[in-house]
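Commentary on secondary and tertiary structure
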Protein chains: 2
Amino acid sequence: MALRIPRGVFASLLVVLLVSLVHATSAREPPRLEMVTSAAPGLTVSRARAAAASCASWRLGVETNNIRGWYSIPAECRGYVSDYMFSDQFRQDCAVAAREAAAYAEGLELAGDGREVWVFDIDDTVLTNLPYYADTGFGAEPYNATYFDEYVANATAPPLPEVLELYEKLLALGIKVVFITGRHDYQREPTVKNLRSAGYHTWEKLVLKPSSLTLGSSVLPYKSGERQKLVDAGYRIVGNMGDQWSDLVGAPEGDRTFKVPDPMYYVG
Amino acid sequence: MALRIPRGVFASLLVVLLVSLVHATSAREPPRLEMVTSAAPGLTVSRARAAAASCASWRLGVETNNIRGWYSIPAECRGYVSDYMFSDQFRQDCAVAAREAAAYAEGLELAGDGREVWVFDIDDTVLTNLPYYADTGFGAEPYNATYFDEYVANATAPPLPEVLELYEKLLALGIKVVFITGRHDYQREPTVKNLRSAGYHTWEKLVLKPSSLTLGSSVLPYKSGERQKLVDAGYRIVGNMGDQWSDLVGAPEGDRTFKVPDPMYYVG
């Protein structure tokens with residue numbers, strides 16, 4: 001375990017850090033490949049550089065949906081992923097996704113009939129689970145369902161600031177928001193509490209996964225099926241944003257999709 | 001112009017370089033963010049770092065299809081893109097795409113009835129146009145149709161070595177290859193010549209774009225339409241690889257798609 005800070009304290013610190021980042025104006029130093037040595041301090045510099053280049057290629061493969069069905073990040077990329085998740089690069093990557101989405105939304109000719117919706121995934125899209133993942137190896141350790149349920153029940157996940165900003169812009173444009181999440185329906189109460197405390201104050205629908213769908217079943221048909229229900233109910237999905245490709249593929253995808261970076265885990 | 005070497009000489013040198021890379025076994029030093037200063041030498045180090053982080057975010061946005069409809073790379077990213085295109089990182093990024101594709105193909109239960117095909121785009125997928133782009137600002141200068149036609153007519157584009165290796169593996173597995181390219185039908189002869197000289201010796205079909213489809217028209221319906229014709233003719237598209245999202249989206253996409261990195265240009 002790289003982190004020795006107690007979970008609750010760490011989560012609180014992270015909230016403070018993330019909130020302060022929303023207001024940060026000066027650019028911090030971007031990550032350097034040379035920094036990526038925390039996973040394996042015994043590596044020589046040149047081997048560490050090769051590992052970093054290789055982990056960067058792995059991350060690009062994940063982000064482009066070339067690499068699928070993986071269960072945990074490569075062991076040698078643990079330091080790389082943790083460095084990335086706390087880096088300015090990650091924040092800028094999120095900012096680009098959110099900025100492109102905002103520019104697209106601002107350019108739409110909206111009917112303003114209240115049927116135009118934007119679909120958001122929740123975990124690691126509107127809220128960040130970095131507190132949970134920082135505590136469990138940044139995706140290098142197996143998914144811990146008990147601890148994650150506890151984390152969800154605590155309702156303390158911070159917002160991803162760039163996405164919160166996009167959310168406010170969409171509402172101001174008159175686009176309604178629908179959340180479609182892989183969280184289960186029995187987690188509705190803490191999810192509502194967490195969304196509100198993170199700044200997401202209003203939404204058209206909050207769709208949670210039926211308890212009958214277990215961890216092993218693919219979320220892709222569930223998520224595309226829920227989007228189809230929206231279309232059948234007369235909504236027009238003008239945009240769709242998520243951190244997993246299973247949020248974004250499968251008709252109806254929505255008029256345009258936006259991928260939020262996430263090198264920590266894969267949901268198929 | 002950063003390069004002063006005559007075009008023909010440069011292209012020949014690049015062929016030698018790329019061919020030698022196929023056989024390279026030792027890892028070269030990966031690119032460092034600090035190196036990315038060639039575009040704007042007057043920048044301070046910290047501003048160059050910020051620009052590099054920003055260009056990396058822009059590239060990720062392009063690769064994930066978040067950023068669409070762009071005409072040229074951001075001016076401040078010219079040095080970043082040229083460094084990337086000649087870097088070990090680019091080669092490793094290509095290798096990951098090709099390796100994942102090969103692993104997927106090797107895991108398929110093939111019917112072996114001669115109807116299983118793999119669709120490849122040509123430009124910057126099986127062949128690299130780096131000689132053309134190195135000579136025209138790595139995507140920072142406007143597309144030069146006259147010069148590009150000349151480049152195609154020369155039939156000297158080198159293979160992307162990682163994709164050539166994948167091609168050989170697919171053929172060995174009994175998967176047939178179909179090329180669907182944005183090159184025009186009047187360019188068939190130099191295209192055949194170039195494919196053969198680059199090592200692509202056999203294919204089931206080589207589909208070129210009708211001359212009636214001009215540069216301004218979207219290639220997406222053309223490419224998905226050609227894939228539909230394959231399906232209608234009884235082929236099963238087990239895989240599909242391209243450097244542009246317009247190669248990969250639009251039903252029928254193929255059973256699985258693979259994105260080759262390309263931060264130099266956008267084809268919608």
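Here, the structure is the one placed above.
The residue numbering used here restarts from 1 in each chain and proceeds along that chain's sequence as written. Going through the entries in the order they are written, you letter the chains from A and number the ligands from 1. Note on the predicted model: pLDDT of at least 70 is required for a residue's local features to be given, and 80 or more for side-chain atom pairs to be given and counted; whole-chain, interface and lining totals, by contrast, use all residues. Derived side-chain values reflect all non-hydrogen atoms in the structure, with water molecules and hydrogen atoms excluded from consideration.

1. What to know about the state of the cysteines
- Disulfides are defined as cysteine sulfur pairs within 2.5 Å. Inspection of every chain in the model, using the stated rule, returns two disulfides over all chains.
- The disulfide partner of A:C55 is A:C77, and the S-S distance across this bridge is 2.1 Å. One disulfide, between A:C55 and A:C77, carries an S-S torsion of -95° and so falls in the left-handed class. Residue A:C55 is found in helix α2 (residues 45–63), and its partner A:C77 is found in the loop between α2 and α3 (78–85); the two are separated by 22 residues along the sequence.
- Buried residues are those whose accessible area, probed at 1.4 Å on protein chains only, stays under 20% of the maximum for their type, while exposed residues exceed 50% and partly exposed ones sit between those limits. Judged by relative accessible area, A:C55 falls into the buried class, the value being 1%.
- When its relative accessible area of 2% is taken as the criterion, A:C77 is described as buried.
- With no disulfide of its own, B:C94 has A:C55 as its nearest cysteine by sulfur position, at a separation of 18 Å.
- You can call B:C94 buried: its relative accessible area is 2%. A helix here means a DSSP run of H or I that spans at least four residues, while a strand means a run of E at least two residues long, and both kinds are numbered starting from the N terminus.

2. Brief notes about the packing of aromatic side chains
- For Phe, Tyr and Trp, where Trp contributes only its six-membered ring, two rings pair if their centres lie within 6.5 Å, and the inter-plane angle classes them as stacked under 30 degrees, edge-to-face over 60, or tilted in between. Scanning the entire structure with this criterion turns up 41 aromatic pairs over all chains.
- Centroid distance A:Y143 to A:F148: 5.7 Å. Interplanar angle 50°. Geometry classified as tilted.
- Relative accessible area serves as the criterion here: at 39%, A:Y143 is assigned to the partly exposed category.
- By relative accessible area, which is 9% here, A:F148 ends up buried.
- The interplanar angle of 75° and the centroid separation of 5.5 Å between the aromatic rings of B:Y84 and B:F90 together place this pair among those described as edge-to-face.
- A relative accessible area of 4% places B:Y84 in the buried class.
- Site record: aromatic cluster; members linked through ring pairs are A:Y104, A:W118, A:F120, A:Y167, A:F179, A:Y200, A:W203 and A:F258.
- Definition used: whenever NZ (Lys) or CZ (Arg) falls within 6 Å of the ring centre and also within 35 degrees of the ring normal, the charge is taken to sit over that ring. We note A:R59 situated over the ring of A:Y84; from NZ or CZ to the ring centre the distance is 3.9 Å.
- Over the aromatic face of A:Y235 sits the side chain of A:R115, whose NZ or CZ is 4.3 Å from the ring centroid.

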